[in-house]
Amino acid sequence: MQNVKGTYDFFGPEQAARQQVQDVLRNLFELYRFEAMESTILHELDVLASKYAGGEEIVKEMYRLSDQGKRQLGLRYDLTIPFAKVIAMNPGLELPYKRYEIGKVFRDGPVKRGRLREFLQCDADIVGIAGPEAEAELMQLAVEAFRRLEIPVTIKWNNRRFLGELLESIGVPAGEALSVMLTLDKIAKIGKEGVKDELLAKGLEPAVTGAIAALMEREEISADSLATAYGLLSSEGVSEVRALQRLIDGAGLAASCVFDPFLSRGLSFYTGTVYEIFDASGTFTSSLGAGGRYDAIIGQFTGRQDAACPTVGLSFGMESIMALVARRQVARPPAPAVVIAIGDTLPEVLRTAAALRASGIRTSLDTSGRKLKKALASAASQRIRFVLLIGASEAAIGALRLKDMVEQTETVITMEEAIWQIESKLGLA
């Protein structure tokens with residue numbers, strides 16, 4: 001027996017660590033007033049493979065299947081397209097709308113550290129805000145999330161509209177702009193020479209290839225310096241970059257959010273700002289999260305290609321994050337109480353445990369019938385403070401024996417008195 005390559009089962013301390021990370025993100029999403037969503041995993045193939053969706057590269061990794069009715073279906077490869085479909089199908093939804101979702105997605109791609117075939121994504125999206133405040137809020141959320149996770153990060157960001165204008169100014173044909181963007185996005189992975197080789201393979205004019213090479217070699221690559229050098233001072237893309245940079249500076253995010261004019265992200269649906277999150281130490285090279293603005297998808301899904309619906313998203317890569325925090329020891333909090341059955345007192349034990357749990361006291365049961373000495377030793381090893389013993393004599397008078405393992409005390413009291421004592425000592429009363 002073995003798992004399918006790129007899929008894993010999680011349990012014990014590892015699952016406790018994963019749950020801790022998810023709790024941090026979920027609590028932060030709620031703090032920022034994002035509303036929880038659960039979208040479908042199974043979709044019509046046409047939706048996932050449409051030209052408005054993830055692009056050729058990601059569609060190539062999509063899991064495809066058919067049902068008994070011969071309908072062509074696919075498993076979701078991200079949480080963005082399912083979210084866009086939900087918004088398109090519910091035109092009466094009040095905007096702006098903020099949602100978050102934590103769920104599994106599936107990609108039939110290469111398996112490596114931090115990259116699986118079945119993996120968890122944690123997304124937050126804002127629909128209905130056209131201004132840069134939406135991007136700034138998501139960047140703020142990302143910085144705070146990784147601060148809480150104790151992972152120093154750098155958020156690299158750019159604007160696709162600005163990059164498109166830049167490439168147009170140096171002679172890149174409109175039909176080749178997206179392809180060139182995706183090649184420039186690989187600088188960190190294949191180096192400048194690798195990018196130049198890939199550009200040459202595209203068959204661009206030598207002068208254009210040379211201009212792109214000169215762009216990559218520039219020492220000063222701030223948006224303003226590039227806008228000045230390439231005559232873009234009044235362009236729409238530069239205006240968007242400046243507006244977001246002003247918010248980043250004003251919100252105190254400049255130390256973590258760094259402008260990178262060559263970043264474009266691999267997905268084809270982004271229309272403006274894009275960003276990607278990396279381990280600031282550089283020891284882990286895979287992305288820890290990413291996102292950007294995708295204003296066109298929802299309107300196109302409704303059949304109204306002229307009706308843009310401004311939308312910005314952010315996705316946390318759970319598996320990449322876990323690759324960084326995997327070595328942390330996450331101690332599961334012990335149950336403060338255990339109810340031990342002595343003899344044939346199981347009904348009383350179950351009633352007592354139910355009453356404790358109804359009072360918010362985490363409780364476990366010991367109905368093993370082993371010797372009391374071993375049962376108490378087990379409770380001590382699990383750092384359980386309160387042991388409730390119910391034998392025939394206690395059951396006969398409607399009482400129980402409460403042992404406080406910290407204070408080394410033992411009393412025979414009623415269940416109600418035991419609950420009151422435990423709550424008082426735990427600060428729950």
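Going along each chain's sequence as written, the residues are numbered from 1 onward. Since the coordinates come from a predicted model, pLDDT governs what is reported: local features require at least 70, and pairs of side-chain atoms require 80 or more to be given and counted, while whole-chain, interface and lining totals use all residues. Side-chain metrics in this entry use all non-hydrogen atoms of the structure; hydrogen atoms and water are not considered.

Caption draft 1: Examining the pairing of strand S14 (residues 386-390) more closely. Between buried and exposed lies partly exposed: a residue is buried under 20% and exposed over 50% of the maximum accessible area for its type, with that area taken using a 1.4 Å probe on protein chains only. For the purposes of this entry, the term helix denotes a DSSP run of H or I that reaches at least four residues, the term strand denotes a run of E that reaches at least two, and both are numbered from the N terminus. Counting buried positions along S14 yields five of five residues, so the element is predominantly enclosed. Burial of S14 is two-sided: the residues Phe-386, Leu-388 and Ile-390 facing one way and the residues Val-387 and Leu-389 facing the other way are all buried. With five bridges connecting them, strand S12 (residues 337-341) and S14 associate as parallel partners. Looking at S14, one finds that Val-338 is bridged to Val-387. Only strands joined by at least two bridges in the DSSP assignment are considered to pair. Here four bridges tie S14 to strand S15 (residues 400-404), and the two strands are oriented antiparallel to one another. Counted as the bridge partner of Val-387 is Lys-403 from S15.

Caption draft 2: Up close: the sheet that holds strand S13 (residues 363-366). Read across the sheet, five strands follow the order S13-S12-S14-S15-S16 without closing on themselves; strand pairing throughout is mixed. Two strands bound the open sheet, and with one partner strand each, they are S13 and strand S16 (409-413). Each neighbouring strand pair of the sheet contributes to a mean axis angle of 20°, computed without reference to strand direction. Axis definition: a line fitted to C-alpha atoms, over the contacting stretch in the case of helices. Angles run 0 to 180 degrees between N-to-C directions.

Caption draft 3: Representation of the environment of Gly-103. As for its placement among the helices and strands, Gly-103 is situated in strand S5 (residues 97-106). Between the alpha carbons of Gly-103 and Phe-119 there is a distance of 8.2 Å; along the sequence they are 16 residues apart.

Caption draft 4: Structural view of the environment of Ala-36. Mapped onto the fold, Ala-36 is located in strand S1 (residues 35-36). Here the alpha-carbon distance between Ala-36 and Ile-102, two residues 66 residues apart in the chain, equals 8.6 Å.

Caption draft 5: Representation of the UniProt feature "binding site: L-histidine" (unreviewed entry) in the protein in the model. UniProt positions are given in the numbering used here, feature names are shortened, and annotations may be inferred rather than shown by experiment. Under the UniProt annotation, the feature "binding site: L-histidine" (unreviewed entry) is placed at Asp-78, Leu-79, Thr-80, Arg-107, Gln-121, Asp-125 and Arg-265. By the secondary structure assignment, Thr-80 is in helix H4 (residues 80-89). For Thr-80, a relative accessible area of 11% gives the class buried. Residue contacts are counted whenever heavy atoms from the two residues lie within 4.5 Å of one another. Once you skip the residues sitting within four places of it in the chain, Thr-80 turns out to touch Asp-123, Phe-269 and Tyr-294. Take Gln-121: it is sitting in strand S6 (residues 118-127). For Gln-121, the residues in contact, after removing those within four places along its chain, are Asp-78, Leu-79, Glu-101, Ile-102, Gly-103, Val-105, Arg-107, Ser-315 and Phe-316.

Caption draft 6: Region of interest: the side chain of Asp-123. Topologically, Asp-123 is positioned in strand S6. Beyond its immediate sequence surroundings of up to four residues, Asp-123 is in contact with Phe-29, Leu-79, Thr-80, Arg-99, Tyr-100, Glu-101, Leu-314, Ser-315 and Phe-316.

Caption draft 7: The arrangement of the environment of Ser-287 in detail. With respect to the helices and strands, Ser-287 occurs in the loop between strand S9 (273-279) and strand S10 (289-293). Counted as a polar contact is a pair of N or O atoms within 3.5 Å, where, for protein atoms, one must be capable of donating a hydrogen and the other of accepting one, and residues adjacent in sequence contribute only when both atoms are in side chains. A polar atom in the side chain of Ser-287 sits 2.9 Å from the backbone oxygen of Gly-289.

Caption draft 8: How the structure looks around the packing of aromatic side chains. Any Phe, Tyr or Trp ring, taking Trp's six-membered ring, that has another such ring centre within 6.5 Å forms a pair; planes under 30 degrees apart are called stacked, those over 60 apart edge-to-face, and the others tilted. One pass over the full model with this rule turns up nine aromatic pairs. An aromatic cluster of three or more residues is present, and its members are Phe-29, Phe-34, Tyr-100, Phe-146 and Phe-316. A cation over an aromatic ring shows up here: Lys-98 above the ring of Phe-34, its NZ or CZ 4.6 Å from the ring centre. The rule is short: NZ of Lys or CZ of Arg within 6 Å of the ring centre and within 35 degrees of the ring normal puts a charge over the ring. For Lys-156, the ring lying beneath its charged end belongs to Phe-278, and the centroid distance is 5.3 Å.

Caption draft 9: Quick look at the state of the cysteines. The disulfide criterion used throughout: a pair of cysteine sulfur atoms within 2.5 Å. The final tally for this structure, using the stated rule, is zero disulfides. Cys-122 takes part in no disulfide bond, and the closest cysteine sulfur to it belongs to Cys-257, at a distance of 19 Å. Residue classification places Cys-122 among the buried residues on the basis of a relative accessible area of 0%.

Caption draft 10: Structural detail: the nonpolar core. Grouped together as the largest cluster of nonpolar side chains are 69 residues, with contacts concentrated most on Phe-29, Phe-34, Phe-146, Trp-157, Leu-184, Ile-212 and Phe-316. Considering every element that reaches this core, the biggest residue donor is helix H5 (residues 133-148), with eight residues. Not counting chain neighbours up to four residues away, the residues in contact with Phe-146 comprise Ile-151, Val-153, Ile-277, Leu-288, Phe-316 and Ile-321. Joining through side-chain atoms within 4.5 Å is the link that ties buried Ala, Val, Leu, Ile, Met, Phe, Trp, Tyr and Cys residues into a set, and such a set is a nonpolar core.

Caption draft 11: Quick peek at empty space enclosed by the protein. Note on definitions: the grid is 1 Å and covers protein atoms alone; a cavity is a set of points where a 1.4 Å probe fits but cannot get out; a pocket is an open set with protein on both sides within 12 Å along at least five of seven lines; lining residues have an atom within 4 Å of a point. Grid points are joined across faces, edges and corners, and a volume is the space filled by probe spheres set on the points. Scanning the model with the defined rule gives one cavity of 30 Å³ or more in all. Lining the largest cavity we find Tyr-8, Phe-10, Arg-18, Lys-104, Leu-116, Glu-118, Phe-119, Leu-120 and Glu-319. Among the elements that line the lining of the largest cavity, the one with the most residues is S6, at three residues. Classification convention: Asp, Glu, Lys, Arg as charged; Ala, Val, Leu, Ile, Met, Phe, Trp, Tyr, Cys, Pro as nonpolar; all other residues, Gly among them, as polar. Here the lining of the largest cavity is built from residues that sort into five nonpolar, no polar and four charged.

Caption draft 12: Quick look at the pattern of salt bridges. Any carboxyl oxygen of Asp or Glu that lies within 4 Å of a side-chain nitrogen of Lys or Arg is treated as forming a salt bridge with it. Counting across every chain of the model gives 31 salt bridges. For the salt bridge of Glu-319 with Arg-18, the shortest nitrogen-to-oxygen distance reads 2.9 Å. Taken together, the positions of Glu-319 in helix H13 (residues 318-325) and Arg-18 in helix H1 (residues 12-31) put the pair 301 residues apart, joining distant regions of the chain. Of the residues examined, Glu-319 reaches a relative accessible area of 8% and is grouped as buried. Accessibility expressed as a relative area gives 5% for Arg-18, which makes it buried. Across the pair Arg-99 and Asp-123 runs a salt bridge whose closest N-O atoms are separated by 3.9 Å. Of the two residues, Arg-99 sits in strand S5 while Asp-123 sits in strand S6, which places them 24 residues apart along the sequence. Overall, Arg-99 belongs to the buried group, its relative accessible area being 0%. A residue is classified by how much of its surface remains accessible, and Asp-123, at 2% relative accessible area, is buried. Members of the salt-bridge network, linked through shared partners, are Arg-76, Arg-99, Glu-101, Asp-123 and Asp-125.

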